[in-house]
Every structure is written in C-alpha cells, then in structure tokens.
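Results of the structural survey
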Amino acid sequence: MDREKLRAFLNSLGPLSFLGFILLQSLQVIAAPVPGEVTGLIGGYLYGPFLGLILSTLGLTLGSWLAFFLSKTFGRPFVDRFVSRQTLDKYDYLLHHKGAFLVFVMFLIPGFPKDLLCYILGLGHLSTKEFLAISTVGRFGGTVLLTFGGSYLRHHQYREFSILLGAAVVVVFLAMVYKDRLERLFRIWHITSRRKNRKNR
C-alpha cells in the first residue's frame, strides 16, 4: 500500500473520502496496515494543512481510543496478540504509575511506540478521559509536522518541506540517541513517585 495507491483510493471515494481517511488513520493505530507517517503526509497533501490536521487528529484519537478500549475490555490475553512480551515487560512500570504527566511526555517525544502504548495503557490505571487528553495532545505536534509536510509537497514548496524535514530529522535523531536514557529516567521517576506515595499513606 504505497502513498500513490492510498491517495488514489481516497480520491475514488468522492464525498466519502473524509470518512475514509479518518478510518484509515484509525486503522493504522489499531493494526498498523500502513505507517502513520505516510497517512499523515497524505492528509496534508489531499486536504491542506488545516482540514488535514483536523481529519488526522480525529482519526488518531478514534484509533487510540479503540485500542485503549479493547485493551481495557478484553485484558492481557487480547493485548498479547498485538504487543510482544518484550515490549510489555519494558513498559510494565506504566501500569502502576500514578502520574499522567509521565505518559504525556512519552507521547510527546518521538521514538516511543505510541500505538502500542495505547494497548499497554489500557491495562493500567488511566481513565478514558485522561488517556484521550494525553494521547491527543501528545500526538498533536507530530501530526502538525506531517500534515504541513504533505501540504508543502502538494504545492511544490520543496524548500519549506526540506526545512521541515531537516528539523524533524534532528528532533527524531536526538530522541533516538537519548531514548534509552529517557527510559531509565522514567523508571527512576516511577520508583521515586511510588516511594513518596507510600510515605504519604
């Protein structure tokens, strides 16, 4: 499913292309049939920076909620179908952490498996309202970059696209370099907060 085929498919839907794109964005969160980077660019390319941003945000929010809801409803046996044991073990501390801000930071920083986190967090303590606020706001920055990038490509604004791409590459590179350190910091943060909670009881 390359970008041109997806674009042709959405265009073929006519007035229903908005709905088709929202569903496509939702599916890429739940089952990842196509990378989110591709769908994000297509949203900007087809619908422009502002409408594309709205549609992408709706689709990502819907997909994130569905993954979270399915995880919360069917539990660990269901999640095991989508998330490897290694990944679950790596982020198991999120299931016990009481601070929503930590989860928000993980959604905000590139490099963390945001789609898988939706399933993992469904096994934890977050309420649906908390999760939706965190995941929607946390994903927003990346959605803006992809949507505007797609819009630049449509209008042949290659200079602006190159600048945007360069900035994104730098941010992602730094995030990947420090990802392990950040994960260790988050674990320490989690342990410290648990100790404080125990003392306050």
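Residues numbered from 1 in each chain as written. Predicted model: local features only at pLDDT ≥ 70, side-chain atom pairs only at ≥ 80, totals over all residues. Heavy atoms only, no water.

**Structural notes on the packing of helix α2 (residues 17-30) against helix α6 (residues 114-121)**
For the record, the criterion: Axes, fitted as lines to C-alpha atoms, cover a helix only where it is in contact. Angles between the N-to-C directions of the axes lie from 0 to 180 degrees. Runs of H or I in DSSP of at least four residues are treated as helices and runs of E of at least two as strands, each being numbered from the N terminus. Oblique is the label for any angle not covered by the other classes, which are roughly parallel (under 35 degrees), roughly antiparallel (over 145) and roughly perpendicular (65 to 115). Should any heavy atoms of two residues lie within 4.5 Å, those residues are counted as being in contact. Three categories are distinguished: nonpolar for Ala, Val, Leu, Ile, Met, Phe, Trp, Tyr, Cys and Pro, charged for Asp, Glu, Lys and Arg, and polar for the others, with Gly belonging to the last.
Following both chains from N to C, one finds α2 and α6 inclined at 70°, their axes separated by 8 Å at the closest point. Between α2 and α6, the angle is such that the two are roughly perpendicular. Within the contact between the two elements, α2 uses Gln-28, Val-29 and Ile-30 and α6 uses Asp-115, Cys-118 and Tyr-119. Looking at the contact of α2 with α6 residue by residue, the classes come out as 4 nonpolar, 1 polar and 1 charged.

**Details of the nonpolar core**
Here is the rule: The definition of a nonpolar core used throughout is a set of buried Ala, Val, Leu, Ile, Met, Phe, Trp, Tyr and Cys residues joined through side-chain atoms within 4.5 Å. When accessible area is computed with a 1.4 Å probe and restricted to protein chains, residues below 20% of their type maximum are described as buried, those above 50% as exposed, and intermediate ones as partly exposed.
Counting 27 residues, the largest nonpolar core has Tyr-91, Leu-94, Phe-107, Leu-117 and Leu-121 as its most contacted members. Apart from residues lying up to four places away in sequence, Phe-107 is in contact with Lys-114, Leu-117, Cys-118, Leu-121, Phe-131, Ile-134, Ser-135, Gly-138 and Arg-139. Of all hydrophobic cores here, the second largest spans 9 residues; its members include Leu-10, Ile-22, Leu-24 and Leu-46.

**Overview of the confidence of the model for the protein**
Rules: Per residue, pLDDT measures the predictor's confidence, with a range of 0 to 100.
Put simply, the protein has an average pLDDT of 83, and 83% of its residues get 70 or more. Of all the helices and strands in the protein, helix α9 (residues 179-200) carries the lowest mean pLDDT, 65, while helix α3 (residues 36-79) carries the highest, 92.

**Description of unusual backbone geometry**
Note on backbone geometry: most residues besides glycine have negative phi, and most peptide bonds are trans. Positive phi is not limited to glycine here, since His-156 has a value of about 55°. Note on His-156: relative accessible area 55%, which makes it exposed.

**Some thoughts on the environment of Tyr-45**
Along the chain, Tyr-45 falls in helix α3. Its relative accessible area of 27% is what places Tyr-45 among the partly exposed residues. Taking C-alpha positions, Tyr-45 is 8.5 Å from His-155, a pair spaced 110 residues apart along the chain. Once you skip the residues sitting within four places of it in the chain, Tyr-45 turns out to touch Arg-7, Gly-150, Ser-151, Leu-153 and Arg-154.

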